[in-house]
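Chain by chain, the residues:
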Amino acid sequence: MNPKPRSVHLHNGCPGLKVPVATTRRLFQTLDAFGRWPVPPGSLSVAFLDRDTMCQVHESFLQDGGLTDVITFEGDPDGGLAGEICVSPDQALAFKGSRRLPFAEELTLYLVHGYLHLAGLDDLDPAKRRRMRAAERQAMTHLREAGAIPAFTCRRP
């Protein structure tokens, strides 16, 4: 018997971003079922933030006012929260060409990166960064094969 899927709460704070709710939740269920990177139990909060809000969060919590692609906050598994992943669709629009990824895959990569942080991976030094990048590639391949890449679209307001 499969355990009940993780509850995933989505917040879309980006005008022009279309978030396919069911497939975005399925992305995390697919990663959970893969089981390679266990994330603490509990619900997951995902926030898609506009440029200004992402910069404010970055400044408030990490004392860096620049724009970043993803910020992950550990949760309280005892309180039923696995964590929160904040992502910047603006960054995904800006960087999709540098990795030659379509927008939907670039934004999915940010969600995967946040998920891997919740699973305990880090990217602060070169060895850990290599491990993180390998896990990202493996997760993205698994999601593609499972047909679990959400069809995110974004038009600038």
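This one's a predicted model, so the numbers in the text were calculated from it and none came from an experiment.

1. Focus on the sheet that holds strand β1 (residues 8-13)
A sheet is described by the order of its strands in space; here four strands give the open sequence β1-β3-β5-β4, paired in mixed fashion. Both outer strands of the open sheet, β1 and β4 (70-76), are each paired with one neighbouring strand and no more. This sheet shows a mean twist of 10° between the axes of neighbouring strands, independent of strand direction. In the sheet, β4 pairs with strand β5 (residues 81-87) via six bridges, with the strands oriented antiparallel. Paired with aspartate 76 across the two strands is leucine 81, which belongs to β5.

2. Topic: the side chain of serine 45
By the element assignment, serine 45 lies in strand β3 (residues 43-49). Since its relative accessible area comes to 19%, serine 45 is described here as buried. Polar side-chain contacts of serine 45 include one of 3.3 Å to the side chain of glutamate 84. Look past the residues within four positions of serine 45 in its chain and what remains in contact with it is His9, Leu81, Gly83, Glu84 and Ile85.

3. Examining the packing of aromatic side chains
On inspection of all chains with the given rule, the structure shows four aromatic pairs. Residues phenylalanine 48 and phenylalanine 152 carry aromatic rings whose centres are separated by 5.6 Å and whose planes lie at 55° to one another, so their mutual orientation is tilted. Taken together, the residues phenylalanine 48 in strand β3 and phenylalanine 152 in the loop between α5 (126-145) and β6 (153-154) connect sequence positions 104 residues apart. Take phenylalanine 48 and phenylalanine 152: they sit in the same class, and that class is buried.

4. Side note on the pattern of salt bridges
On inspection of all chains with the given rule, the structure shows three salt bridges. Here arginine 6 makes a salt bridge to aspartate 32, at a shortest N to O gap of 2.8 Å. On the criterion of sequence distance, the pair formed by arginine 6 in the segment before β1 and aspartate 32 in helix α1 (residues 21-34) is long-range, its members being 26 residues apart. Overall, the relative accessible area of 26% leaves aspartate 32 in the partly exposed class. With a closest N to O distance of 2.8 Å, glutamate 105 and arginine 144 form a salt bridge. On the criterion of sequence distance, the pair formed by glutamate 105 in helix α4 (residues 103-118) and arginine 144 in helix α5 is long-range, its members being 39 residues apart. Look at glutamate 105 and you get buried, because its relative accessible area is 16%.

Scoring rules and cut-offs
Position labels on residues start from 1 in each chain and follow its written sequence. For this predicted model, a pLDDT threshold of at least 70 governs which residues receive local features, and a threshold of 80 or more governs which side-chain atom pairs are given and counted, while totals over whole chains, interfaces and linings are taken from all residues. Excluded from the side-chain calculations are hydrogens and water; all other atoms, namely the structure's heavy atoms, are used. One bridge is not enough; two strands pair if DSSP finds at least two bridges between them. Under the DSSP-based scheme used, a helix requires at least four consecutive residues in state H or I and a strand at least two consecutive residues in state E, with every element numbered from the N terminus. Between the N-to-C directions of two axes lies an angle of 0 to 180 degrees, each axis being a line fitted to C-alpha atoms and, for a helix, fitted only over the stretch in contact. Only protein chains enter the accessibility calculation, which uses a 1.4 Å probe. A residue is then buried if its area is under 20% of the maximum for its type, exposed if over 50%, and partly exposed in between. Within 3.5 Å is the distance limit for a polar contact, defined as a pair of N or O atoms, with the added protein rule that one can donate a hydrogen and the other accept it, and that residues adjacent in sequence qualify only through two side-chain atoms. Contacts are residue-level and defined by heavy atoms, with any inter-residue pair within 4.5 Å sufficient. Two rings from Phe, Tyr or Trp (for Trp, the six-membered ring) form a pair when their centres are within 6.5 Å of each other. A pair whose planes differ by under 30 degrees is stacked, one over 60 is edge-to-face, and the rest are tilted. For this analysis, a salt bridge means a side-chain nitrogen from Lys or Arg found within 4 Å of a carboxyl oxygen belonging to Asp or Glu.

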